[in-house]
Number of protein chains: 2
Amino acid sequence: MRKFVAHRAKSLITNAAVSLVKPHRQSSSSSDYHYTSRLARFLSSIPSDASMASENANPPLTAQSLNPKVLKCEYAVRGEIVSLAQKLQQDLLANPGSHPFKEIIYCNIGNPQSLGQQPITFFREVLALCDHPSILDRSETQGLFSADSIERAWQILDQIPGRATGAYSHSQGVKGLRDTIAAGIEARDGFPADPNDIFLTDGASPAVHMMMQLLIRSEQDGIFCPIPQYPLYSASIALHGGTLVPYYLDEATGWGLEISELKKQLEAARQKGINVRALVVINPGNPTGQVLAEENQRDIVEFCKKEGLVLLADEVYQQNIYAPEKQFHSFKKVSRSMGYGDKDIPLVSFQSVSKGYHGECGKRGGYMEVTGFSPEVREQIYKVASVNLCSNISGQILASLVMSPPKVGDESYESYSAEKDGILQSLARRAKTLEDALNNLEGVTCNKAEGAMYLFPRIVLPNKAIKEAESLKKTPDAYYAARLLNATGIVVVPGSGFGQVPGTWHFRCTILPQEEKIPAIVTQLTEFHKKFMDEFRD
Amino acid sequence: MRKFVAHRAKSLITNAAVSLVKPHRQSSSSSDYHYTSRLARFLSSIPSDASMASENANPPLTAQSLNPKVLKCEYAVRGEIVSLAQKLQQDLLANPGSHPFKEIIYCNIGNPQSLGQQPITFFREVLALCDHPSILDRSETQGLFSADSIERAWQILDQIPGRATGAYSHSQGVKGLRDTIAAGIEARDGFPADPNDIFLTDGASPAVHMMMQLLIRSEQDGIFCPIPQYPLYSASIALHGGTLVPYYLDEATGWGLEISELKKQLEAARQKGINVRALVVINPGNPTGQVLAEENQRDIVEFCKKEGLVLLADEVYQQNIYAPEKQFHSFKKVSRSMGYGDKDIPLVSFQSVSKGYHGECGKRGGYMEVTGFSPEVREQIYKVASVNLCSNISGQILASLVMSPPKVGDESYESYSAEKDGILQSLARRAKTLEDALNNLEGVTCNKAEGAMYLFPRIVLPNKAIKEAESLKKTPDAYYAARLLNATGIVVVPGSGFGQVPGTWHFRCTILPQEEKIPAIVTQLTEFHKKFMDEFRD
């Protein structure tokens, strides 16, 4: 009875309150409702049907009540060290003299344009024209844009149904752009590529997540990953609830990938009841920078074939090769060279517009080429892609440009080549300078960056430094990286974020600061390291 | 011993083969390796260490061995009916007279520009200039672009660190763009908005997935969804392994959302041991097109508050209001109007550049505004966002433009307003014409599209038609939709993809075909329906 009365009273008073504010409905109505709201808050203390239900109400949401897979996931390249860097950057902005350096130098992530690298003109011309096609017919456009960028924009628009760059595309991406990409893959590999095998994505990360989502059923499902690895893999496996099965790259042989190690680790995982479903290979390596020899790749393909593993080939650094004696070979080319056809090896190759000489990270373009899966499995991949409708069309266009850049004879060819070669040659010089500088430091050894965008030096830290780190509840490499940042403004990522042989310590440093800044970075790094060692030398 | 010999032999022969092809390494090398590959295939039949390991090799990957959550997921708006439409489109291309219609009219998905809607000029001007900033200083640019688009592009570039539109941004999006969006929300709602609460995303879909990933731990976790619902929600809940807890919208009262229904369903779910964590509200409704009354929204907020539910507010159609007596109120505005502050109600508002009057689906821009979560929970949301690095910068820029379009006095204001009003007024007329036409059909009743982009008519199908569908193992609404498509080329989505009261049948039809096509669509639909009813009338 009391409940009924309270309910009626609430309903009457709420109605009265609402009628009070009705004439003002067109206005922002915020102040009016403060009155109503106070009434409502008051009334909510009267037991009513609704408040009775709240006996079972959920407790407030806490981090501990979130999905434990999310809690478990870690992502070092944007982790604690970056938060510290952002804090220091704010300090510098508020109080310019507050630290012994003038700027933060972000060597934590492969983000070339954030450090001043300029975009490739031809690519940006085409993107701008596709964004605003109504200027294509205007005479001023001829003066502003190269003839081949105008022609390419027309070609691309003709490939997009209705020329609608603002429409959702096919969930795998615009068919005509996939045709272009497939032709680019064929030209690269010398083997056929099918546009129906291409899935365009917002960068490589969503493509990796998609494959993990498909392959991982429970923590009994394992994904083979190199150690050190790019933390996208550990993060994605954690988010999807699987088990990362490590295989160690051999630092002594330039981060070599040994089949005997794969066999040993596979057997160990199987003995623990883990069903290893796929092998991740990152070539050129991240964070380790090695470029695999073709013979090694053939052994890997053979291993996957024999063991029934899906080969997940992270090939986003395929354009970033600095060692003259090294060449990139796609795993698809290698497996086709071995005589394996489309039905023999389930293989996914990831590519991204974020890397290469162009480094268009902000465009979020990329694709995966998916071969060797049954039509039923392919249908499931398509379904997952379709739930997100499609990837962004600018990123799709850029992926087609990257796989089909200007050719000899095109108006832009010379300037394009000059931009491309300038960037790649400079990256090679920067890699060498930084590698040499690191190898000159006491207790530091650094393998060559044959490719990719990173160096991953090993530091033998003095015991005193390790003890100091432990007393601060930090890993020794995280402690070193934080000290380096605080002293120099240089941001590197501790090796523990990538995985390393227990008891060894590393950090990942990009080779991306602009070339004129490299000498100062070398000086700062060298001075810091010397002081650090002087402080802690055993 | 035999194993050792085989291993040695393999190694020797492979090395020989490699040395054979070495001189050709710079060439495509594909044909060379065919020789090697034949050797390798032959050798793999010799038992060796590697082939011994294959005793435990995984069986070939099948759909049944994929993640069962993926298998369970369905996504109707790109499902079977669309595959049929694509097949018919190919038929028409190959053989123009092969069907009784000239083109496929895609009314299955809210994709305005695919049906001929033109983009908003100002938005595209700014995007083009940000894609290719080096033309900003050129004199020809003044003739091609409006003065305020040039000014806006400069402003945006100044907000992006290093003016680098090709760099990864902060994982929540460029801070300056979030400032603009927050200011736009403040102007819309009359209440403060914090740029730190904004997470820019590649459209609304990834934002919804992100929240599902955070909230769902197991199938014991439930997410409250309207029925009918947009299938992104059912798909995302399935992919993340949770349980969709339905609440039915009341078709008789214009798809009203009754609190009594929420209470009833919540209790039922709790009795089944389901822990309902969040309530999804789609306003304006998809597929149902209703615009919630503010009073109703207050009741919903109160309900979430009492029951400890996260309120997930899908507000992507906030600009699409066609009923003059209706207004959009964001749930944040409503909850603040009730006196609830930032700490009182965990609330996520989803917004997208794909909808509204602009309909920029292909740009994949959007954001979620996240309020009422503890710092620890926020940190986990940020971590998940950071694993994908950032959303695409063009989409981020467009999201800022949508929330801050040209203002009175800006050069583009008049043309912008004319474009915007033209589209919205035309959509309102199309909605009314289609609604009237549907209500004129035998056995069809259709609520008004007060907002969004869809009509969701109910069809009372004759028993004979239902029996015919059953004999073909189709749901009756899927049968109707397939017949409609085969007869007219019009693609609509069967109601069963969205959910409906058992025993009722509906379809979702967008209001997006260009206005000049609407009369023909009405004629085709009317003629088809009459024939269908004549064929099956009981």
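If you're wondering where the values come from, they're calculated on a predicted model, not measured in any experiment.

1. A closer look at the relation of the copies chain A and chain B
Working step 1: For these two chains of identical sequence, chain A goes onto chain B by a turn of 180 degrees and a shift of 0.0 Å along the axis, with RMSD 0.0 Å. Here the copies are linked by what is in effect a two-fold axis. Nearest to the rotation axis, the C-alpha of A:Ala128 is located 2.1 Å from it, this being the minimum over chain A.
Working step 2: A shared interface surface links the copies, since 99% of the contact residues of chain A are contact residues in chain B too.

2. Quick look at the state of the cysteines
Working step 1: Under the defined criterion, the tally for this structure stands at 0 disulfides over all chains.
Working step 2: Considering cysteine sulfurs only, B:Cys361 is the nearest to A:Cys390, which forms no disulfide, with 8.0 Å between them.
Working step 3: A relative accessible area of 0% means that B:Cys361 is categorised as buried.

3. Digging into unusual backbone geometry
Working step 1: With an omega dihedral of 5 degrees, the bond running from A:Ile227 to A:Pro228 counts as a cis peptide bond.
Working step 2: Considering the arrangement of structural elements, one finds A:Pro228 in the loop between β3 (221-227) and α11 (231-239).
Working step 3: Geometrically, the link from B:Asn286 to B:Pro287 is a cis peptide bond, its omega value of 10 degrees lying close to zero.
Working step 4: Here B:Pro287 shows up in the loop between β5 (275-282) and α13 (294-307).

4. With respect to the pattern of salt bridges
All names here are of chain A.
Working step 1: The full count for this structure, using the stated rule, is 44 salt bridges over all chains.
Working step 2: Across the pair lysine 517 and glutamate 103 runs a salt bridge, and its minimum N-O distance is 2.9 Å. In this pair, lysine 517 sits in the loop between β14 (507-510) and α20 (518-536) while glutamate 103 sits in the loop between α5 (80-94) and β1 (105-106), placing the two residues 414 residues apart along the sequence.
Working step 3: Overall, lysine 517 belongs to the partly exposed group, its relative accessible area being 33%.
Working step 4: Owing to a relative accessible area of 36%, glutamate 103 belongs among the partly exposed residues under this scheme.
Working step 5: One network of salt bridges, with partners in common, ties together Glu442, Lys530, Asp534 and Arg537.

5. Considerations on helix α6 (residues 121-131) of chain A
Working step 1: Burial runs high along α6(A): 10 of the 11 residues are buried.
Working step 2: Every buried residue of α6(A) is listed here: A:Phe122, A:Phe123, A:Arg124, A:Glu125, A:Val126, A:Leu127, A:Ala128, A:Leu129, A:Cys130 and A:Asp131.
Working step 3: For α6(A), the secondary structure elements touched by its buried residues are α7 (139-144), α8 (147-159), α16 (393-402) and α17 (413-439) of chain A together with α6 (121-131) of chain B.

6. Some words on the side chain of B:His358
Residue and element names in this part refer to chain B.
Working step 1: By the secondary structure assignment, histidine 358 is in the loop between β7 (347-352) and β8 (366-371).
Working step 2: Judged by relative accessible area, which is 1%, histidine 358 ranks as buried.
Working step 3: From its side chain, histidine 358 meets the backbone oxygen of lysine 355 in a polar contact 2.9 Å long.
Working step 4: When sequence neighbours within four positions are dropped, the list of residues in contact with histidine 358 reads Gln113, Gln117, Ile120, Phe123, Ser352, Val353 and Val402.

7. Let's talk about the packing of aromatic side chains
All names here are of chain B.
Working step 1: For the structure on display, the rule yields 32 aromatic pairs over all chains.
Working step 2: Arranged with centres 6.1 Å apart and planes meeting at 45 degrees, the rings of phenylalanine 123 and tyrosine 416 form a pair that is tilted. With phenylalanine 123 in helix α6 and tyrosine 416 in helix α17 (residues 413-439), the pair connects residues that are 293 residues apart, well separated along the chain.
Working step 3: Overall, the relative accessible area of 4% leaves tyrosine 416 in the buried class.
Working step 4: Aromatic side chains tyrosine 479 and phenylalanine 536 sit 6.0 Å apart centroid to centroid with 80 degrees between the ring planes, which places their arrangement in the edge-to-face category. Note that tyrosine 479 is positioned in helix α19 (residues 476-488) and phenylalanine 536 in helix α20 (residues 518-536), a separation of 57 residues in sequence.
Working step 5: By relative accessible area, phenylalanine 536 is classed as buried at 5%.

8. Considering the sheet that holds strand β3 (residues 221-227) of chain B
Residue and element names in this part refer to chain B.
Working step 1: On the basis of which strands lie adjacent, the open sheet formed by 7 strands has the order β2-β8-β7-β6-β5-β3-β4 and mixed pairing. Of all the strands in the sheet, the pair left with one neighbour each is β2 (198-201) and β4 (243-248). Averaged over all pairs of adjacent strands, the angle between their axes in this sheet comes to 25 degrees, without regard to strand direction.
Working step 2: Examined bridge by bridge, β3 and β4 share 6 bridges and lie parallel to one another. For cysteine 225, the partnering residue across the bridge sits in β4 and is proline 246.

9. Description of the pairing of strand β6 (residues 310-314) of chain A
Within a regular strand, side chains alternate between the sheet's two faces.
All names here are of chain A.
Working step 1: Counting buried positions over the 5 residues of β6 gives 5, a clear majority of the element.
Working step 2: The side-chain alternation of β6 yields two buried faces, one formed by Val310, Leu312 and Asp314 and the other by Leu311 and Ala313.
Working step 3: With 5 bridges connecting them, strand β5 (residues 275-282) and β6 associate as parallel partners. The partner of isoleucine 282 across the bridge, within β6, is aspartate 314.
Working step 4: What joins β5 to β6 is helix α13 (residues 294-307), and the crossover it makes is right-handed.
Working step 5: Examined bridge by bridge, β6 and strand β7 (residues 347-352) share 4 bridges and lie parallel to one another.

10. Observations concerning the interface of chain A and chain B
By a widespread convention, an interface's size corresponds to the accessible area lost as its parts come together.
Working step 1: Each partner contributes residues to the interface: chain A has 126 residues there, and chain B has 128 residues.
Working step 2: Here chain A packs against chain B, burying approximately 10,400 Å² in sum over the two surfaces, 53% of which is carbon and sulfur.
Working step 3: Here chain A and chain B share 2 salt bridges between them.
Working step 4: A:Asp131 is paired through a salt bridge with B:Lys363; the nearest N and O atoms lie 2.4 Å apart.
Working step 5: On inspection of chain A and its partner chain B, the count reaches 46 residue pairs in polar contact (both at pLDDT 80 or more).
Working step 6: For the side of chain A that touches chain B, the residue count by class is 47 nonpolar, 48 polar and 31 charged.

11. Observations concerning the packing of helix α5 (residues 80-94) of chain B against α19(B)
Residue and element names in this part refer to chain B.
Working step 1: Put simply, α5 and α19 touch, their axes get as near as 11 Å, and they point 15 degrees apart. Considering their axes alone, α5 and α19 lie roughly parallel with respect to each other. For the pair α5 and α19, the sense of crossing is right-handed. Note on element contacts: α19 touches α5 through Ala481, Ala482, Leu485 and Asn486, opposite Ile81, Leu84, Ala85 and Leu88.
Working step 2: A breakdown of the residues in the contact of α5 with α19 according to their chemical character gives 7 nonpolar, 1 polar and no charged.

Cut-off values and rules
- Residues numbered from 1 in each chain as written.
- Chains lettered and ligands numbered in written order.
- Predicted model: local features only at pLDDT ≥ 70, side-chain atom pairs only at ≥ 80, totals over all residues.
- Heavy atoms only, no water.
- Least-squares fit on C-alpha atoms with pLDDT ≥ 70 in both.
- Contact = heavy atoms within 4.5 Å.
- Disulfide = S-S within 2.5 Å.
- Buried < 20%, exposed > 50% of the residue type's maximum accessible area, 1.4 Å probe, protein only.
- Helix = DSSP H or I, 4+ residues; strand = E, 2+ residues; numbered from the N terminus.
- Salt bridge = Lys/Arg side-chain N within 4 Å of Asp/Glu carboxyl O.
- Polar contact = N/O pair within 3.5 Å; in protein donor to acceptor, adjacent residues only side chain to side chain.
- Phe/Tyr/Trp six-rings, centres within 6.5 Å; stacked < 30°, edge-to-face > 60°.
- Pairing = 2+ DSSP bridges.
- Axes fitted to C-alpha atoms, helices over the stretch in contact; angles between N-to-C directions.
- Right-handed = clockwise from strand over helix to strand, strands pointing away.
- Buried area = accessible area lost by both parts, 1.4 Å probe.
- Nonpolar A, V, L, I, M, F, W, Y, C, P; charged D, E, K, R; others polar.
- Parallel < 35°, antiparallel > 145°, perpendicular 65-115°, else oblique.
- Left-handed = near helix turned anticlockwise from the far one by under 90°.

Functional significance is not addressed by these values, which are geometric in nature.
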